[in-house]
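Observations on the three-dimensional arrangement
Next come the chains, spelled out residue by residue.
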Amino acid sequence: MSEIKGKFITVEGGEGAGKSTNLDLIKQLLEAAGQQVLFTREPGGTPLGEEIRNLLLGHKHDGMAAETELLLMFGARAEHLSQKIVPALNAGTWVLCDRFTDATYAYQGGGRGIDPKRIQILEQWVQHDLRPDLTLVLDLPIEMGLERAGKRSAPDRFESEAHHFFQNVRERYLDIAKNDPKRVKVIDASLPLTQVQSQIKTVVGDFLSTCV
Ligand code: Z5A
């Protein structure tokens, strides 16, 4: 992993926070700065990863053990890193990923209550020293996010969780940002879209200015 030339950018947040809505803007900003960008997502991003995603998000395995969920996330991630993310970064392509390991700390750690030290072991084992260079956390109140997501489609296995699960997810994301402020930038996603996008432009612009 020592030959990495591209930058790795991830976008995180709770349900309905606006990740899908804003990923295209981020990609455009990076491309306008002259970067070749690979857009991908987790869980998923590879044929095997997308199959694992279906297992994780569908209702066929409702009640799966938290540890199974955690290991499936990292199984999909190992495949994603080896088939897609690391080769792209090594070739100098920038990778923009819809969720990554911060989601594991937030959902499996905060939401399911798995000890973060166990997640850390898997993170080091699967990723070695690879961590995102920049992470945007789209933050908004739980009710607002669920309402936005609910308008769009039937709830998946995660979206069917109880309110306190999402509260713990949100708090864990904010803790991650507090503990790693250089990498992780919180965007107030409760605001109208134009204001959310202007915050994103500032954060991405600041990051790009450090890459010259
Ligand atoms: N997961 C995990 O547990 N552990 C892991 O390690 C990883 C993932 C990697 C993947 O879902 C699930 O996997 C996820 C965590 C878990 N849990 N769930 N569910 P996902 O990431 O594919 O999907 P999601 O989180 O459910 O995202 P989403 O519901 O698609 O939300 P979104 O992409 O953030 O929001 P959106 O689709 O862009 O926006 C929602 C609606 O709001 C839409 O109608 C927009 O037009 C509207 N919108 C967006 N912004 C605004 C503003 N500013 N104002 C008004 N309306 C807005």
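Further up the page is the structure itself.
Overview of the structure. (Residues numbered from 1 in each chain as written. Predicted model: local features only at pLDDT ≥ 70, side-chain atom pairs only at ≥ 80, totals over all residues. Heavy atoms only, no water.)

Another aspect to go through is the site of the ligand. Around the ligand sit 28 residues, and of these E15, T21, R53, R99 and T104 come closest. A distance of 3.2 Å separates an oxygen atom of the ligand from a polar backbone atom of G16. Within the backbone of L193, a nitrogen or oxygen atom sits 3.4 Å from a nitrogen atom of the ligand. Out of a free accessible area of 1000 Å², the ligand has 84% covered by protein chains. Mapped onto the shell around the ligand, the elements with two or more residues apiece are α1 (19–32), α2 (47–57), α3 (66–90), α4 (101–111) and α8 (193–210). Broken down by element, the shell around the ligand gets its largest block of residues, four residues, from α4. A per-class count over the shell around the ligand returns 12 nonpolar, six polar and 10 charged. (Near = heavy atom within 4 Å. Polar contact = N/O pair within 3.5 Å; in protein donor to acceptor, adjacent residues only side chain to side chain. Areas by Shrake-Rupley, 256 points an atom, 1.4 Å probe, with all protein chains shown as cover. Helix = DSSP H or I, 4+ residues; strand = E, 2+ residues; numbered from the N terminus. Nonpolar A, V, L, I, M, F, W, Y, C, P; charged D, E, K, R; others polar.)

On to the sheet that holds strand β5 (residues 184–188), then. If you trace the five strands from one edge of the open sheet to the other, you get β2-β3-β1-β4-β5, paired in parallel fashion. Single-partner strands in this sheet number two, and they are β2 (37–41) and β5. For this sheet the average axis-to-axis angle between neighbouring strands, irrespective of direction, equals 20°. In the packing of α3 onto the sheet, the strands contacted are β1 (8–13), β2 and β3 (94–98), and the crossing angle to β2 comes to about 160°. (Pairing = 2+ DSSP bridges. Axes fitted to C-alpha atoms, helices over the stretch in contact; angles between N-to-C directions. Contact = heavy atoms within 4.5 Å.)

A word on the state of the cysteines. A complete count under the given rule lists zero disulfides for this structure. As a non-bridged cysteine, C97 has C211 as the owner of its nearest cysteine sulfur, 18 Å distant. The class for C211 is partly exposed, based on a relative accessible area of 28%. (Disulfide = S-S within 2.5 Å. Buried < 20%, exposed > 50% of the residue type's maximum accessible area, 1.4 Å probe, protein only.)

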